Amino acid sequence: MIESDEKDPCCLPAPPRLSKSKFLSGLQCHKRVYLEIHQPELATPPDPSMQAILDMGTEIGVLAQRRFPSGVLATVGFRQREAAIAQTIALLQDPNVPAIFEGAFEYEGVVVRVDILERVQDETGRPSAWRLIEVKSSTRVKDVHLDDLAIQSHVLLGSGIALAGTCLMHIDNRYVYGGGEVDLQALFAIEDVSEIVASRRGQVPARLAAMRSALIEPQPPAIEPDDRCHSPYECPFWAHCTKDKPERWIYYLPGTKDTVNRLVRQGITTIDEIPDSASLSLTQRRVKDNVEWVSSKLGAALQSVEYPVHHVDFETVMLAVPRFLATRPYQSIPVQWSNHIELESGEIIHHEFLHSDATEPRKRWAEALIESLGEKGSIVVYSAYEEAIMRQVVEAFPEFRQIFSAIMKRLWDLHPVIKDHYYHPKFQGSYSIKSVLPAVVPSMGYDDLTIQEGGQAASEYYRMVFVEGDWIEQFRIKEALLRYCARDTLAMVELRRALKEKASASCS
């Protein structure tokens, strides 16, 4: 008897159910969806900044429901699949329900929860179809949103739901808050994307089949990590998939991925293999050379400051739903600053400010900053961000225009000074202060802080002011915010000192 190499379909394991999030993961990479289903413990948990984005999405989703009065929430939990579907069917059959929130549907092993399903009436006023509405906290329609709606509409149509439209509901950042209750009609924009989603829906069956084929295999697909791991989202399995990569792996080369992909096509796997003739940016060339470099002009650049030298950093919060008069969604609202002042004697004085309640922060923030900065001395910053925030404050409070105009003339940006005159291999191509500080001043960093980067600071500030009711936890967050912002400005003091020593050593 001749044995066939083909697998008996009866012996194959049943493919696991897919959700819309798993489908989107599969579009990014079959290995990602395989690991999410079979080995989820290998994923890196979301960092505080990513968690804040996820929480914001949840908050916006709940707020969006208020645009549909009398809509009904399908309350059965996500894990109770059959009960959730049964509850949704009952709501569909009730003519008095104008909209369903978080309705559950399943078709051919794919389960989706729909943000909003709005009942649409025909010319006679009788319910005839439904409008599918996906809610996003972004300010525009993105490519991944269309794939999200494609899988949802595929499942709904397969379940026998007549769709009158497929829409994306997102934040409209043209909305200006006028006080009182937020105008939900103006805050949210609803775009009908039925036509383009329909074209993508035609690809869904083939994409599902390919994913299921990969998911029933005993091992994850052998897919090498590359730039797809970061688009449209950061893959949580990046650390797992790259743990055995060499320290100088080619995908660690900074800059545009077009260069990296071109080098990979040439068979190059590490930065050290890049030929000298390769076309690289200046930063990429420094990463390739992998040596410390000190410009002959570094010392002169550092000596251009005037005492007393202020070292300033701002922290802001961006609210999806504006709370302060005449502000827009996601507008950067300054709430905190730190100023380390170096006197000519070498003495360091520290001033700081944190607006810790839910009132309009900008006027008090500006008044305290103006007093701290005085009228003399350079103001060291580490990007153009601080100037942009001051200009924004002036637009809102014109009475500060003259004094902030004088202050902005004193700004001295340390970032381009370092970028133009110094490089250390430990930068790994990044001139972020988080990368530069521990390389230049090994005794300093951010690892010992509860809050370690700006996105986390913004989310913790929001939690402290608008969410948290426990005063002990509020105090803990406040202290963490103050320590983080102070570290940024003390970092600039120590960077200037360390770089002056390096400039002196290079000239001796």
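Residues numbered from 1 in each chain as written. Predicted model: local features only at pLDDT ≥ 70, side-chain atom pairs only at ≥ 80, totals over all residues. Heavy atoms only, no water.

Undergrad: Would you mind going over the overall build of the protein with me for this structure?
TA: Looking only at helices and strands, one finds 19 helices and 14 strands in the protein. Relative to its 508 residues, the protein shows a buried fraction of 46%. Contacts spanning at least 24 positions in sequence make up 67% of the contacts within the protein whose residues lie at least 6 apart. Between the mean site of the 55 positive side-chain charges and the mean site of the 70 negative ones, the protein shows a separation of 2 Å. (Helix = DSSP H or I, 4+ residues; strand = E, 2+ residues; numbered from the N terminus. Buried < 20%, exposed > 50% of the residue type's maximum accessible area, 1.4 Å probe, protein only. Contact = heavy atoms within 4.5 Å. Lys, Arg positive; Asp, Glu negative; His and termini not counted. Charge placed at Lys NZ, Arg CZ, Asp CG, Glu CD.)

Undergrad: Even after reading the chapter, I still don't get the pairing of strand β9 (residues 309-318), so can you show me in this structure?
TA: The side chains of a regular strand alternate between both faces of the sheet. In terms of burial, β9 is a largely internal element, nine of the 10 residues being buried. With 10 bridges connecting them, β9 and strand β10 (residues 332-342) associate as antiparallel partners. Bridge assignment links Val317 to a residue of β10, and that residue is Ile333. Bridge analysis of β9 against strand β12 (residues 379-381) gives two bridges, and the strand direction is parallel. Looking at β12, one finds that His310 is bridged to Ile379. (Pairing = 2+ DSSP bridges.)

Undergrad: Would you mind going over the layout of surface pockets with me for this structure?
TA: A probe matching the size of a water molecule, rolled over the atoms, marks out where space remains unfilled. In this structure, the second largest pocket spans a volume of roughly 680 Å³. Lining the second largest pocket are 14 residues, with Tyr252, Phe427, Gln428, Ser430 and Ser435 sitting closest to its centre. For the lining of the second largest pocket, a count of residues per class yields six nonpolar, five polar and three charged. (1 Å grid on protein atoms, 1.4 Å probe; cavity = no way out; pocket = protein on both sides within 12 Å on 5 of 7 lines; lining within 4 Å. Points joined across faces, edges and corners; volume = space filled by probe spheres on them. Nonpolar A, V, L, I, M, F, W, Y, C, P; charged D, E, K, R; others polar.)

Undergrad: For this particular structure, what's the right way to read the sheet that holds strand β13 (residues 411-413)?
TA: Hydrogen bonds between backbone groups are what pair the strands of a sheet, and the pairing can be parallel or antiparallel. Spatial strand order, β11-β10-β9-β12-β13: five strands in an open sheet with mixed pairing. Strand pairing shows two members of the sheet lacking a second neighbour, β11 (348-354) and β13, which therefore form its edges. When strand polarity is set aside, the average angle formed by the axes of neighbouring strands in this sheet is 30°. Helix α13 (residues 362-373) rests against β9, β10, β11 and β12 of the sheet, and its axis sits at about 15° to β10. (Axes fitted to C-alpha atoms, helices over the stretch in contact; angles between N-to-C directions.)

Undergrad: I would appreciate a short explanation of the nonpolar core in the present structure.
TA: Soluble globular proteins tend to bury their nonpolar side chains together. Residues Ile274, Leu414, Ile418, Phe427, Val440 and Leu495 are the most contacted members of the largest nonpolar core, which totals 60 residues. For this core, the element with the highest residue contribution is helix α19 (residues 471-507), accounting for 11 residues. Those residues in contact with Leu495, other than ones at most four positions away along the chain, are Leu414, Ile418, Ile433, Val436, Leu437, Val440 and Val441. Tyr34, Leu35, Val97 and Ile100 belong to the second-largest nonpolar core, a separate cluster that totals 37 residues. (Core = buried A, V, L, I, M, F, W, Y, C linked by side-chain atoms within 4.5 Å.)

Undergrad: Where do I start with the pattern of salt bridges in this structure?
TA: Using the criterion set out here, one finds 35 salt bridges in the structure. A salt bridge links Asp276 to Lys288, with the nearest nitrogen and oxygen atoms 2.8 Å apart. Placement of the pair is Asp276 in the loop between α10 (257-265) and α11 (282-289) and Lys288 in helix α11, with a sequence separation of 12 residues. The salt bridge partner of Glu395 is Arg401, with a shortest N-O separation of 3.8 Å. With a relative accessible area of 58%, Glu395 lands in the exposed category. By relative accessible area, Arg401 is classed as partly exposed at 38%. (Salt bridge = Lys/Arg side-chain N within 4 Å of Asp/Glu carboxyl O.)

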